[in-house]
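# Examining the three-dimensional arrangement
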Amino acid sequence: MAVSNTPRAKTERLMNLTMCLLSTRRALPKARIRTMVEAYQGVESDEAFDRMFERDKDELRGLGIPLVTEQIGGAFEDEPGYRIDQRDYALPDLSFAPDELAVIGLASRVWTHAAMAPSAATAWRKVASLEPGDGATEDPFVGIEPTLGGSEPSFPALQEATVAARTVTFDYTRSGAVEPQTRRVDPWALTSWHGRWYLTGYDLDRAGQRIYRLSRISSAVRTGGEITHQRPEDLDPQGAVARFAQGDRPTTVAVVRVRTGAGHALRRRARASTDAGEGWDRLEVEHSSTHALADELAGYGGDVVAESPEELVTAVRSRLEGVLASLGGAR
């Protein structure tokens, strides 16, 4: 039986080996380890097992896991055995300064509306409980609005494939086209730009780097084997997506009212800002897509009001009315 050595299979094998060596107080010989770790049972020859086991030992030590080699003696004569000392393996007590807690809490808020939201919230609660009364609140985050929407249906599958370095296949409708076309891509990075998500990767059929807007993916994402084109070391996804999204399209100036203390992403790129009174500021924001800006403004809810052009005002109102309708008209 062939043994899979994909990144996922390798990670599972290393975890099982770690659990095996943690669960024993006495060093285990290789022969015993081979019978206890399921992935090793499918290795066809002793030589292949020895090579895999040696690589796995080096991997664990490279990860900082205290793998101990001891002479077993007795019936095993001078055969070496292996174990992991639980006292050396255990993490020390964790302690965070207020500014460190602020950074961790801010990171957890990034995933508020994405697929990782439950995990992020659970992790933050655990970290916050370590420092009761020591700044483990959201007070340091007032005025900071990190968000990763991840609302596109293809986002979770593409994120997983990008992390695992697996080829993806999907149907994509490019700008100006009527019918979608199939794309096979080695994914390199997912990037958020002005409220939209983009995938940067290597198009296997077109033999070159390409960028895809997730909202134009019209099918489920199918995951394939390991990628054959690695991410370039000098890749700048943010810059590449910015150039792709802007292109040569002319920009238009929109006028929006923003509540004081909100809309920081809009404020950073506004070309002008004036006091509108009563807790509001008026911003002039350049944009090249009314639909993209409308999506972004609608995401702020009542903290941002579009004033002009009329096309933008109508687009934002339409989106907010759609949200209200989906909630059954509740106010």
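Preceding block: the structure.
My aim in this report is to walk through the structure given alongside it, one point at a time.

The rules behind these values
- Residues numbered from 1 in each chain as written.
- Predicted model: local features only at pLDDT ≥ 70, side-chain atom pairs only at ≥ 80, totals over all residues.
- Heavy atoms only, no water.
- Helix = DSSP H or I, 4+ residues; strand = E, 2+ residues; numbered from the N terminus.
- Buried < 20%, exposed > 50% of the residue type's maximum accessible area, 1.4 Å probe, protein only.
- Contact = heavy atoms within 4.5 Å.
- Areas by Shrake-Rupley, 256 points an atom, 1.4 Å probe, with all protein chains shown as cover.
- Pairing = 2+ DSSP bridges.
- Axes fitted to C-alpha atoms, helices over the stretch in contact; angles between N-to-C directions.
- Arc of directions from axis to C-beta.

When you go through the protein residue by residue, the secondary structure sums to 12 helices and 11 strands. The buried share of the protein, reckoned over its 331 residues, is 36%. Taking all contacts inside the protein whose residues are at least 6 apart in sequence as the whole, residues at least 24 apart take part in 58%. Of the roughly 19400 Å² of accessible surface on the protein, 51% is carried by carbon and sulfur atoms.

Moving on, we come to unusual backbone geometry. For the bond running from Ser308 to Pro309, omega is 0°, close enough to zero to count as cis. Within the secondary structure layout, Pro309 lies in the loop between β11 (304–308) and α12 (310–326). In this structure, Ala207 is a non-glycine residue whose phi angle is positive, near 55°. Relative to the assigned elements, Ala207 resides in the loop between β5 (196–203) and β6 (208–213). With a phi close to 55°, Glu278 is a non-glycine residue in the positive phi region. Summarising the element assignment, Glu278 is placed in the loop between β9 (272–277) and β10 (280–287).

Quick look at the sheet that holds β5 now. Taken together, five strands build an open sheet; the order of strands is β6-β5-β4-β3-β7 and the sheet is antiparallel. Where the open sheet ends on each side, the last strands, each with one partner, are β6 and β7 (222–226). Geometrically, the sheet is characterised by an average inter-axis angle of 45° between neighbouring strands, direction not taken into account. With respect to the sheet, helix α8 (residues 155–164) is in contact with β3 (166–172), β4 (181–193), β5 and β7, its orientation differing from that of β4 by roughly 90°.

It is worth spelling out α8 at this point. When α8 is considered as a whole, its buried residues turn out to be Phe155, Leu158, Gln159, Ala161 and Thr162. The arc enclosing the buried residues of α8, seen along the axis, measures out at 170°, which places them on a common side. Summarising the contacts, the buried residues of α8 are in contact with β3, β4, β5 and β7. Of the residues trailing α8, Ala165 is marked for its positive phi of about 60°.

Examined against the element boundaries, Phe155 turns out to sit in helix α8. Residue classification places Phe155 among the buried positions, given a relative accessible area of 2%. Sequence separation of Phe155 and Ser215 is 60 residues, and the distance between their C-alpha atoms is 9.5 Å.

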